[in-house]
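Fold and geometry: a report
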Amino acid sequence: MTVAPTARHPARDARVLGLPELSGVGRTLVMGVVNVTPDSFSDGGEWFEPSAAVAHGLELLGEGADILDVGGESTRPGSVRVPQEQELARALPVIEQLAARGATVSVDTTRAAVAERAVAAGARIVNDVSGGLADPEMGRAVAETGAAYVAMHWRGHADVMDQRQTYDDVVADVRDELAARMAALHDDGVRPEQLILDPGLGFAKAGVLNWPLLAHLDALHELGRPVLVGASRKRFLGHLLADTAGHTASPRARDDATAAISALSAAAGAWCVRVHSVRASADAVKVAAAWAAAADQPRVGSSGTSPHSAPEPLTSTVALTTESWTAAEQGMPTWQDSGARNDDGGRPR
């Protein structure tokens, strides 16, 4: 489905260097996750073998993925880093084969050397969960390759990030820290048109802190660059969907909620959603695009009728009130207070 871009979401439709066919398409893109790791929280190494990973990537393309994100190192909380050569051995064969089949491939890495090798193998996007903080050479590497670059909000590696989730105002703090990363990357030679921003859901963010970031994507759009949302199967969704006994929903049981976030993120102007299960989110962003397009057109009826001039009067017998409701009145933690939280974060990747 192709929808003409509108002025509704200028950050979403901004030009991304090196991705002309994915710039200004008028809808939110879908990035399918291809984990080439034995210890991913979401699939437990199901696609660890290169042949299985390539087949899975092609399946995701068939379900509607615009981009395939290939990663050779897990960033789940508590995970241990793998040697660089092992990350390369896992990711490069998959990237080469998927790119050769015409896929737009992203490499999920925090290492400059891996990014450079991946781009040489056919990757067109570098998806760095550290936003350049994990490797001081990343900015230089991105500038020299000219690849599109996803800079995520990050405060530390998986073994320490849960200790660094204190914020005065999580939305403002994430926005300002991403702005600082943009400035630093610019100093390293990265062009603004290369940049895509990611709020880093679940990374150094307890569960309650993720919702305001989703609800206020407009704050990140103030920075003028496209925004990628990666909520798929994360732990804050598992806590939201917990059963009456308090048992957290399993990763795969979070896919419907992920699709709901994809639809809402698309309506809010996200450039892309990163998901494990593609088909439902691909449908969700198409629904959001059709909804937005209809909102921008005159309201018409069937062929031969004239546009409605006014909405029908409300005749429902349901009483409508303007009574307000706040989280504090219900005894729930507020996102401004990062010390008050009801779960332990978002289990990334």
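As shown above, the structure is provided for reference.
To keep things clear, this report deals only with the structure shown in the data block. (Residues numbered from 1 in each chain as written. Predicted model: local features only at pLDDT ≥ 70, side-chain atom pairs only at ≥ 80, totals over all residues. Heavy atoms only, no water.)

**Here's the deal with the overall build of the protein**
- A count of helices and strands for the protein gives 10 helices and eight strands.
- Sequence-distant contacts in the protein: of pairs separated by 6 or more residues, those separated by 24 or more amount to 70%.
- Working note: accessible area of the protein is about 15300 Å², and carbon and sulfur atoms make up 53% of it. (Helix = DSSP H or I, 4+ residues; strand = E, 2+ residues; numbered from the N terminus. Contact = heavy atoms within 4.5 Å. Areas by Shrake-Rupley, 256 points an atom, 1.4 Å probe, with all protein chains shown as cover.)

**What about a nonpolar patch on the surface?**
- On the surface, Trp211, Leu240 and Leu241 cluster together into a nonpolar patch covering about 270 Å² of accessible area.
- Residue classification places Leu241 among the partly exposed positions, given a relative accessible area of 36%. (Patch = residues over 30% accessible without salt bridge, like charges linked within 9 Å, V, L, I, M, F, W, Y side chains within 5 Å. Salt bridge = Lys/Arg side-chain N within 4 Å of Asp/Glu carboxyl O. Buried < 20%, exposed > 50% of the residue type's maximum accessible area, 1.4 Å probe, protein only.)

**Section: the pairing of strand E8 (residues 272-275)**
- Neither face of E8 is exposed, since Cys272 and Arg274 on one face and Val273 and Val275 on the opposite face are all buried.
- Relative to E8, strand E1 (residues 29-35) is paired through four bridges, and the arrangement is parallel. Across the sheet, Gly32 pairs through a bridge with Val275, a residue of E8.
- The sheet contact formed by strand E7 (residues 228-229) and E8 spans two bridges and is parallel. Following the sheet pairing, Val229 is matched in E8 by Val273. (Pairing = 2+ DSSP bridges.)

**Here's the deal with the side chain of Ser232**
- Assignment of secondary structure puts Ser232 in the loop between E7 and helix H8 (235-240).
- The class for Ser232 is buried, based on a relative accessible area of 3%.
- There is a polar contact of 2.7 Å between the side chain of Ser232 and the side chain of His276. (Polar contact = N/O pair within 3.5 Å; in protein donor to acceptor, adjacent residues only side chain to side chain.)

**Quick look at the sheet that holds E1**
- Taken in spatial order, the eight strands of this open sheet run E6-E5-E4-E3-E2-E1-E8-E7, and their pairing is parallel. The outermost strands of the open sheet, each flanked by one partner alone, are strand E6 (195-198) and E7.
- Alignment of strand E3 (residues 105-108) against strand E4 (residues 125-128), held across three bridges, turns out to be parallel. The residue bridging Val107 from the neighbouring strand is Val126, located in E4.
- The strands touched by helix H10 (residues 278-295) are E1 and E8; relative to E1, the strand with the most contacts, the crossing angle is about 170°. (Axes fitted to C-alpha atoms, helices over the stretch in contact; angles between N-to-C directions.)

**Here we look at the side chain of Asn127**
- Along the chain, the position of Asn127 falls in strand E4.
- Since its relative accessible area comes to 0%, Asn127 is described here as buried.
- A polar side-chain atom of Asn127 sits 3.1 Å from a polar atom in the side chain of Asp69.

**Focus on the packing of helix H2 (residues 84-100) against helix H3 (residues 112-121)**
- The interhelical angle for the contact between H2 and H3, taken along N-to-C directions, is 20°, at an axis separation of 9 Å. Compared by their axis directions, H2 and H3 come out roughly parallel. Viewed along their axes, H2 and H3 form a crossing whose handedness is right-handed. Taken together, the residues of H3 that come into contact with H2 (itself represented by Gln84, Glu87, Leu88, Leu92, Ile95, Glu96 and Ala99) are Ala113, Val114, Arg117, Ala118 and Ala121.
- Of the residues belonging to the contact of H2 with H3, the class tally is eight nonpolar, one polar and three charged. (Parallel < 35°, antiparallel > 145°, perpendicular 65-115°, else oblique. Left-handed = near helix turned anticlockwise from the far one by under 90°. Nonpolar A, V, L, I, M, F, W, Y, C, P; charged D, E, K, R; others polar.)

**Things to note about the pairing of E3**
- Taking every second residue as pointing to the same face, both faces of E3 are buried, with Val105 and Val107 on one and Ser106 and Asp108 on the other.
- Bridging between strand E2 (residues 67-71) and E3 involves four bridges; their strand directions are parallel. When the sheet's bridge partners are listed, Gly71 is paired in E3 with Asp108.
- Crossover handedness for the path E3 to H3 to E4: right-handed. (Right-handed = clockwise from strand over helix to strand, strands pointing away.)

**Observations regarding the packing of H3 against helix H4 (residues 138-145)**
- At a closest axis distance of 8 Å, the pairing of H3 and H4 adopts a crossing angle of 15°. In terms of axis orientation, H3 runs roughly parallel to H4. Like other packed secondary-structure pairs, H3 and H4 cross with a definite hand, here right-handed. Here H3 contributes Ala112, Ala115, Glu116 and Val119 to the contact with H4, which in turn contributes Met138, Arg140, Ala141, Glu144 and Thr145.
- Classifying every residue of the contact of H3 with H4 gives five nonpolar, one polar and three charged.

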